[in-house]
Amino acid sequence: MIALIGLALASIEIEGPLAEATEVTLRITESDGSESGGETVRVTHHPGTPQAFERAISITDARGRVTWTPETSGIAELRAGPQVLRVRVERSSVPTTPLAVLVILCVAGVLGAGWGFRRRVRA
C-alpha cells in the first residue's frame, strides 16, 4: 500500500504553454520530490484511437528535465516510468508544414513584386 501511495506522488510537470510545434520543458520528479534523472520519456499522440502513434521524446537530464515539441494537436499521454500524464495539446495558430510556409512566401513575393512594379510605373 505504501508503494502505491509513493507512485501516486511522483509526477510529470509541464513548464510553459502546451501548443503544437511549441517547445516546452517537462520535469519528472520521484515520489519524494527529487528529480528523476536518466528516465526515458515517451509520448502517445491520440491514445486509444486508430491514429495513435508513440514516440520517445528523450532521456531526462540530471535535473529530471527534458524538452518536447508536440507534433500534433489533440490528446496526448506522457509516460516516464510508472508516471502517466494525459494532456491536451492546443492547435498552433501558425502554419507549420513546409508547404504552408512555401505558399506564404510565394504570396508575399508576388505581392512585393506587384507593389514594386506599380511604384516603377508611377515614377
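Each remark here, short or long, concerns the structure printed above.
Residues numbered from 1 in each chain as written. Predicted model: local features only at pLDDT ≥ 70, side-chain atom pairs only at ≥ 80, totals over all residues. Heavy atoms only, no water.

## Let's talk about the overall build of the protein chain
Alright, step 1. The helix and strand tally for the protein chain stands at two helices and seven strands.
Alright, step 2. When the helices and strands of the protein chain are listed from N to C terminus, the series reads α-β-β-β-β-β-β-β-α.
Alright, step 3. A total of 123 residues make up the protein chain; the buried ones form 27% of that total.
Alright, step 4. Residue pairs at least 24 apart in sequence account for 51% of intrachain contacts in the protein chain once pairs closer than 6 positions are excluded.
Alright, step 5. When the accessible surface of the protein chain is summed, it comes to about 8200 Å², and 60% of that surface belongs to carbon and sulfur atoms. (Helix = DSSP H or I, 4+ residues; strand = E, 2+ residues; numbered from the N terminus. Buried < 20%, exposed > 50% of the residue type's maximum accessible area, 1.4 Å probe, protein only. Contact = heavy atoms within 4.5 Å. Areas by Shrake-Rupley, 256 points an atom, 1.4 Å probe, with all protein chains shown as cover.)

## What to know about the sheet that holds strand 3 (residues 40-45)
By definition, the strands of a sheet pair up through backbone hydrogen bonds, in either a parallel or an antiparallel sense.
Alright, step 1. Spatially, the four strands line up as an open sheet ordered 4-3-6-7, and their pairing is antiparallel. Edge positions in the open sheet fall to strand 4 (53-59) and strand 7 (83-89), since each of these has one partner strand only. Strand-to-strand, the axes of this sheet are offset by a mean angle of 25 degrees, without reference to chain direction.
Alright, step 2. Bridging between strand 6 (residues 74-80) and strand 7 involves seven bridges; their strand directions are antiparallel. Across the sheet, the residue bridging to Gly 74 is Val 89, located in strand 7. (Pairing = 2+ DSSP bridges. Axes fitted to C-alpha atoms, helices over the stretch in contact; angles between N-to-C directions.)

## Section: the sheet that holds strand 2 (residues 24-29)
Alright, step 1. Strand order across the open sheet formed by three strands is 1-2-5, with antiparallel pairing between neighbours. At either margin of the open sheet sits one strand with a lone partner, and together these are strand 1 (11-15) and strand 5 (65-68). When the angles between neighbouring strand axes are averaged without regard to direction, this sheet yields 30 degrees.
Alright, step 2. With five bridges connecting them, strand 1 and strand 2 associate as antiparallel partners. Looking at strand 2, one finds that Glu 13 is bridged to Arg 27.

## Quick notes on the pairing of strand 3
Alright, step 1. As paired elements, strand 3 and strand 4 share six bridges and run antiparallel to each other. By the bridge assignment for strand 4, Thr 44 is matched with Glu 54.

## Considerations on the side chain of His 45
Alright, step 1. Position of His 45 relative to the elements: it lies in strand 3.
Alright, step 2. Within the local environment of His 45, its side chain forms a polar contact with the side chain of Thr 72, the two groups lying 3.3 Å apart.
Alright, step 3. Other than its neighbours up to four places away in sequence, His 45 contacts Gln 51, Ala 52, Phe 53, Trp 68, Pro 70, Glu 71, Thr 72, Ile 75 and Ala 76. (Polar contact = N/O pair within 3.5 Å; in protein donor to acceptor, adjacent residues only side chain to side chain.)

## Description of the pattern of salt bridges
Between side chains of opposite charge, a pair can form when the charged atoms approach closely.
Alright, step 1. The final tally for this structure, using the stated rule, is six salt bridges.
Alright, step 2. Between Glu 71 and Arg 55 there is a salt bridge, and its shortest N-O distance comes to 3.3 Å. Of this pair, Glu 71 sits in the loop between strand 5 and strand 6 while Arg 55 sits in strand 4, and the two are 16 residues apart along the sequence.
Alright, step 3. Of the charged contacts, one joins Arg 79 and Glu 77 as a salt bridge, the two residues approaching to 2.9 Å between their closest N and O atoms.
Alright, step 4. Linked by salt bridges that have partners in common, Glu 77, Arg 79 and Arg 86 make up one network. (Salt bridge = Lys/Arg side-chain N within 4 Å of Asp/Glu carboxyl O.)

## A short note on the nonpolar core
Alright, step 1. Counting 15 residues, the largest nonpolar core has Leu 26, Val 41, Ile 57, Trp 68 and Leu 78 as its most contacted members.
Alright, step 2. Where this core is concerned, the elements lending two or more residues are strand 2, strand 3, strand 5, strand 6 and strand 7.
Alright, step 3. Setting aside chain neighbours within four positions, we find Val 41 in contact with Leu 26, Ile 28, Ala 56, Ile 57, Ser 58, Thr 60, Val 66, Arg 79 and Ala 80. (Core = buried A, V, L, I, M, F, W, Y, C linked by side-chain atoms within 4.5 Å.)

## Topic: a nonpolar patch on the surface
Alright, step 1. Together, Leu 99, Leu 102, Val 103, Val 107 and Leu 111 make up an exposed nonpolar region whose accessible area comes to about 490 Å².
Alright, step 2. When you line up the elements, Leu 102 lands in helix 2 (residues 98-122). (Patch = residues over 30% accessible without salt bridge, like charges linked within 9 Å, V, L, I, M, F, W, Y side chains within 5 Å.)

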